[in-house]
Amino acid sequence: MHDYFFIRSLDLLKPEGILGFIVSKGTMDKQDSTVRQILAQKAELIGMVRLPNTAFQSLAGAFRPQGNLQIGVD
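Our subject in this report is the structure included herewith. (Residues numbered from 1 in each chain as written. Predicted model: local features only at pLDDT ≥ 70, side-chain atom pairs only at ≥ 80, totals over all residues. Heavy atoms only, no water.)

Where helix α1 (residues 2-12) is concerned, the buried positions are D3, F6, I7 and L10. Mapping the buried residues of α1 onto a view down its axis gives an arc of 90°, with all of them on the same face. The exposed set on the far side of α1, more than 90 degrees from its buried face, consists of H2, Y4 and L12. Each element contacted by the buried residues of α1 is listed here: α2 (25-29) and α3 (34-42). (Buried < 20%, exposed > 50% of the residue type's maximum accessible area, 1.4 Å probe, protein only. Helix = DSSP H or I, 4+ residues; strand = E, 2+ residues; numbered from the N terminus. Arc of directions from axis to C-beta. Contact = heavy atoms within 4.5 Å.)

If you want it as structure tokens, here you go:
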């Protein structure tokens, strides 16, 4: 599903526009390179940074419901 939105976002981007993605390692590391090839055909990569897998570790679990709040579905 993510791949669809990446490609669609590029389709909607104005000429000479700049678009940034923050993605998981799955997008750039998956064995099937089809999506990467489509992205490369539609856009010019300006740059890419691979963050360490602990980059957002301090934010993990940052939202914790307070009091009697319960989240669920019926």
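From this point, things continue past the structure.
Glancing now at the packing of α1 against α3. As a packed pair, α1 and α3 sit with axes 10 Å apart at the nearest point and diverge in direction by 10°. As summarised for this structure, α1 and α3 are arranged roughly parallel, according to the angle between their axes. Residues D3, F6, I7, L10 and D11 of α1 lie in contact with α3, whose contacting residues are V35, I38, L39 and K42. Class assignment for the residues of the contact of α1 with α3 results in six nonpolar, no polar and three charged. (Axes fitted to C-alpha atoms, helices over the stretch in contact; angles between N-to-C directions. Parallel < 35°, antiparallel > 145°, perpendicular 65-115°, else oblique. Nonpolar A, V, L, I, M, F, W, Y, C, P; charged D, E, K, R; others polar.)

Here we take up the nonpolar core. In terms of nonpolar packing, the biggest core is built from five residues, these being F6, I7, L10, V35 and L39. Taken together, the elements giving at least two residues each to this core come down to α1 and α3. Apart from the residues lying within four places of it in its own chain, the contact partners of V35 are D3 and I7. (Core = buried A, V, L, I, M, F, W, Y, C linked by side-chain atoms within 4.5 Å.)

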